[in-house]
There are 2 protein chains.
Amino acid sequence: MTHDTESTPDLTRNQALVFGALSGAEGPLSAYTILDQLRDDGLRAPLQVYRALDKLVEFGLVHRLESLNAFVACNHPAGDAPGESHGTVAFAICEECGGVTEFAEQDVVKRLQGWARTEGFHATSTVIELRGLCESCAPA
Amino acid sequence: MTHDTESTPDLTRNQALVFGALSGAEGPLSAYTILDQLRDDGLRAPLQVYRALDKLVEFGLVHRLESLNAFVACNHPAGDAPGESHGTVAFAICEECGGVTEFAEQDVVKRLQGWARTEGFHATSTVIELRGLCESCAPA
DNA sequence: TGATGAAATGTTATGTCATAACGTTTGAGG
DNA sequence: CCTCAAACGTTATGACATAACATTTCATCA
Ligand SMILES: [Zn+2]
Ligand SMILES: [Zn+2]
Ligand SMILES: [Zn+2]
Ligand SMILES: [Zn+2]
């Protein structure tokens, strides 16, 4: 163990492999794509990848993109570092180049929390994903 | 054809069957659940359901819940009627009872549009889904 | 140090969601 | 009628995710 009060935990071998694959990728990867990339490192079965992903998501190092059924390494918008327990974030996903931008809009989060409060809804997680074209890919 | 300028189109047999199943349901249904419910009506294959769903979503009569891989009949928050071309809406999904509430928060949409504008991102669709417990299911 | 229990791992099989590819039917408009 | 686009039917396949069970790892502590 490497002490720590509440920072990023030590990763196991499989977790480190999966996190490495996601960190090195340009865009989101599916669990099976990750698996294919890690065959040479000894991974054989989807469950090995899914188990690592579950933990990485729990640690806040990786995010799942619900509208893509895929995963990306956390790329925190300026401010705190990845892995720091962070609140609700949003993603903009380019359908042309596959690029994903992670961003935080506190006003959006506050508004949704406001709605939840007035409705008595107790949110445990919030998904915000924009689909479209990024600046580079949008027509002039 | 029944004329119309831009209202809800006539549904084909399969579309009507699928829409009926969703309208009668208490919560979201997966395509395969819909299929099972419509076997007696002659539906045999997933594609028959998926094709109908594609159209119903296009018409704005049905929404796909990305975080559930399931579908719900549009249940517009007070204002205009289902099927009226409507903008971005959000969903609150209860993990206990399965209930789904569709709501519109114009400020949220505006704020996300603002972000997109400043980043040059051209959004074509937006997913907003809260997961948690509805008022009835939340602990006292 | 050696028992022990929680967490991680390995492996096989299965379940669930979605689409490719192809041919046929339907029906409005010319 | 003819034609063409849209909807339909069917089989096969691809893509995403988990159940179930046996084994290993390793920090903790008697
Ligand atoms: Zn993040
Ligand atoms: Zn792009
Ligand atoms: Zn709606
Ligand atoms: Zn509920």
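Rules used in this analysis
Residues numbered from 1 in each chain as written. Chains lettered and ligands numbered in written order. Predicted model: local features only at pLDDT ≥ 70, side-chain atom pairs only at ≥ 80, totals over all residues. Heavy atoms only, no water. pLDDT = per-residue confidence, 0-100. Contact = heavy atoms within 4.5 Å. Phe/Tyr/Trp six-rings, centres within 6.5 Å; stacked < 30°, edge-to-face > 60°. Helix = DSSP H or I, 4+ residues; strand = E, 2+ residues; numbered from the N terminus. Buried < 20%, exposed > 50% of the residue type's maximum accessible area, 1.4 Å probe, protein only. Pairing = 2+ DSSP bridges. Near = heavy atom within 4 Å. Polar contact = N/O pair within 3.5 Å; in protein donor to acceptor, adjacent residues only side chain to side chain. Donors = N, O, S within 2.8 Å, 3.2 Å for Na, K, Ca; no water. Tetrahedral: all angles 85-135°; square planar, octahedral: opposite > 155°, others 65-115°.

Chemist: Mind showing me how you'd approach the confidence of the model for chain A here?
Modeler: The predicted coordinates should not be examined in detail at positions where pLDDT is low. In this model, chain A carries a mean pLDDT of 91, and residues with pLDDT of at least 70 account for 89%. Low pLDDT (under 50) marks residues 1-6 of chain A, which in the prediction has two contacts with non-local residues, meaning those over four places away or in another chain.

Chemist: Even after reading the chapter, I still don't get the packing of aromatic side chains, so can you show me in this structure?
Modeler: To describe a pair of aromatic rings, one takes the distance between the centres and the angle between the planes. Summed over the entire model, instances satisfying the criterion amount to six aromatic pairs over all chains. An angle of 5° between the planes, with centres 3.7 Å apart, marks the rings of F103 of chain A and W115 of chain B as stacked. One end of the pair, F103 of chain A, is in strand β4 (residues 100-103); the other, W115 of chain B, is in helix α4 (residues 106-119), on a second chain. Of the two residues, F103 of chain A and W115 of chain B, both sit in the buried class. In this structure an aromatic cluster arises from ring pairing among F103 of chain A together with W115 and F121 of chain B.

Chemist: Help me understand the pairing of strand β5 (residues 122-133) of chain A, please; the structure alone is not making it clear to me.
Modeler: A regular strand places its side chains on the two faces of the sheet in alternate fashion. With four bridges joining them, strand β3 (residues 90-94) of chain A and β5 of chain A adopt parallel strand pairing. Each residue of the ladder has a partner; that of I93 of chain A, found in β5 of chain A, is R131 of chain A. As judged from the 11 bridges shared by β5 of chain A and strand β5 (residues 122-133) of chain B, these two strands associate in the antiparallel manner. Residue pairing for β5 of chain B: H122 of chain A is matched across the bridge by L133 of chain B.

Chemist: I'm lost on the protein's contact with DNA strand C in this one. Help?
Modeler: Neighbouring DNA strand C are 15 residues, the closest being T12, Q48 and R51 of chain A together with Y32 and R64 of chain B. Of all DNA strand C atoms lying within 4 Å of any protein atom, the proportion belonging to sugar or phosphate reaches 46%. The contact in question runs from a phosphate oxygen of DNA strand C to an N or O atom on the side chain of R64 of chain B, over 2.4 Å. It is helix α3 (residues 46-59) of chain A that contributes the most residues to the surface near DNA strand C, four residues altogether.

Chemist: Is there a simple way to explain the coordination of the zinc ion (ligand 2) in this structure?
Modeler: Ideal coordination angles are 109.5 degrees for a metal with four donors arranged tetrahedrally and 90 or 180 degrees for a metal with six donors arranged octahedrally. Residue and element names in this part refer to chain A. Looking at the metal site, the zinc ion (ligand 2) is ligated by C94 (SG), C97 (SG), C134 (SG) and C137 (SG), spaced 2.2 to 2.4 Å from it. Taken together, the four donor atoms coordinating the zinc ion (ligand 2) and their angles of 104 to 113° define a geometry best described as tetrahedral. Here the donor residues of the zinc ion (ligand 2) share one chain and are spaced in sequence as C-x2-C-x36-C-x2-C. Of this pair, C94 sits in strand β3 while C134 sits in the segment after β5; the two residues are 40 residues apart in sequence, bridging distant segments of the chain. Judged on exposure class, the residue C94 and its partner C134 are both buried.

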